[in-house]
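Working through the structure, step by step
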Amino acid sequence: MYEPIRTKSVHSPMAGTTSDFPHRSREEELDIQLAGHLAALLAVTDDLRALAPSAELEAAAERLAEQVTRLRGGRTPARAVASGGRKTQLTALHQRAHTLAGRALVVAASRADTAAAILAAEQMDAHAAALGPRELAPH
């Protein structure tokens, strides 16, 4: 009446060895996360440059691109340029950039990446100054 199971269970989460599963170190995960935040900040910076060109935004975009390239092992980030714009778009973009720079700063600090942390802090300051005290959303 009872016959034992002769095949491996399909319900076991990891049948076999775990050595075939790709693992990343904490540092690699933080590099990926930091590169993502800086790439998003670069995209917003490029949008701001299209709406209100300035030498400061140009320099910031170049520095951000350098850091993203470094963190991605030499692969350059994709960049697109938007066109046109109004004051309300500028405010929203500066708020978004400030938030992204803050996220990048947290990750850079946790992985002790001084260059990225300094860049992120500078970007937070620049976008906070562009917004003014009233327009900066509380976090």
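Everything numeric in this text was worked out from a predicted model, so none of it was measured. Sequence order as written defines residue numbering, which begins from 1 separately in each chain. This being a predicted model, a pLDDT of at least 70 is required before a residue's local features are given, and a value of 80 or more before pairs of side-chain atoms are given or counted; all residues contribute to the totals for chains, interfaces and linings. Here the side-chain values reflect all heavy atoms present in the structure, with hydrogen atoms and water set aside.

Time to look at the overall build of the chain. Helix numbers and strand numbers start at the N terminus; a helix is a DSSP run of H or I with at least 4 residues, a strand a run of E with at least 2. Across its full length, the chain holds four helices and zero strands. Mapped in sequence order, the helices and strands of the chain form the string α-α-α-α. Think of it in three bands: residues with accessible area under 20% of the maximum for their type are buried, residues over 50% are exposed, and the middle band is partly exposed, with areas taken using a 1.4 Å probe on protein chains only. Going through the 139 residues of the chain one by one, you find that 32% of them count as buried. Here a residue-residue contact requires only that any non-hydrogen atoms of the pair lie within 4.5 Å. At a minimum sequence separation of 6, the contacts of the chain that also span at least 24 residues come to 70%.

This part is about the layout of surface pockets. Both cavities and pockets are sets of points on a 1 Å grid over the protein atoms alone; in a cavity a 1.4 Å probe fits but cannot get out, in a pocket the set is open with protein on both sides within 12 Å along at least five of seven lines, and lining residues sit with an atom within 4 Å of a point. Grid points are joined across faces, edges and corners, and a volume is the space filled by probe spheres set on the points. When its volume is computed, the largest pocket comes out at roughly 150 Å³. As for the largest pocket, its lining consists of Ser54, Glu56, Leu57, Ala59, Ala60, Arg63, His94, Gln123, Ala126, His127 and Ala130. Broken down by secondary-structure element, the contributors of at least two residues to the lining of the largest pocket are helix 2 (55-71) and helix 4 (114-131). With five residues, helix 2 is the largest single contributor of residues to the lining of the largest pocket. For the lining of the largest pocket, the residue count by class is five nonpolar, four polar and two charged. Residue polarity follows a fixed list, in which Ala, Val, Leu, Ile, Met, Phe, Trp, Tyr, Cys and Pro are nonpolar, Asp, Glu, Lys and Arg are charged, and the others, Gly among them, are polar.

What follows deals with the pattern of salt bridges. In a structure, side chains of opposite charge can pair up when their charged atoms sit close to one another. By definition here, a salt bridge exists when the distance from a side-chain nitrogen of Lys or Arg to a carboxyl oxygen of Asp or Glu is within 4 Å. Per the stated rule, a full pass over the model turns up eight salt bridges. Linking Arg70 and Asp113 is a salt bridge whose minimum nitrogen-to-oxygen distance equals 2.6 Å. Taken together, the residues span a long stretch of sequence, with Arg70 in helix 2 and Asp113 in the loop between helix 3 (87-110) and helix 4 at a distance of 43 residues. According to the relative accessible area criterion, Asp113 is buried, its value standing at 7%. Linked by salt bridges that have partners in common, Glu27, Asp31, Arg70, Arg111 and Asp113 make up one network.

Our next topic: the packing of helix 1 (residues 26-51) against helix 4. Angle between the axes and distance between the axes: these two values describe a pair of packed helices. Put simply, helix 1 and helix 4 touch, their axes get as near as 12 Å, and they point 35° apart. Helix 4 is crossed by helix 1, and the crossing has left-handed handedness. Residues Leu34, Leu38, Leu41 and Leu48 of helix 1 lie in contact with helix 4, whose contacting residues are Ala116, Gln123 and His127. When its residues are assigned to classes, the contact of helix 1 with helix 4 shows five nonpolar, two polar and no charged. For helices, the fitted line uses only the C-alpha atoms of the stretch in contact; every axis is such a line through C-alpha atoms, and the angle between N-to-C directions lies from 0 to 180 degrees. By definition, turning the near helix anticlockwise from the far helix through less than a right angle yields a left-handed crossing, and turning it clockwise yields a right-handed one.

Next up on the list: the nonpolar core. Core analysis: the biggest nonpolar cluster contains 26 residues, and Leu34, Leu38, Leu41, Val44 and Leu64 have the highest contact counts within it. Looking at this core, the element that brings in the most residues is helix 1, giving nine residues. Excluding anything up to four places from it in sequence, Leu34 contacts Leu71, Ala104, Val107, Ala108, Arg111, Asp113 and Ala116. Among buried residues, the Ala, Val, Leu, Ile, Met, Phe, Trp, Tyr and Cys ones that are joined through side-chain atoms within 4.5 Å form a nonpolar core.

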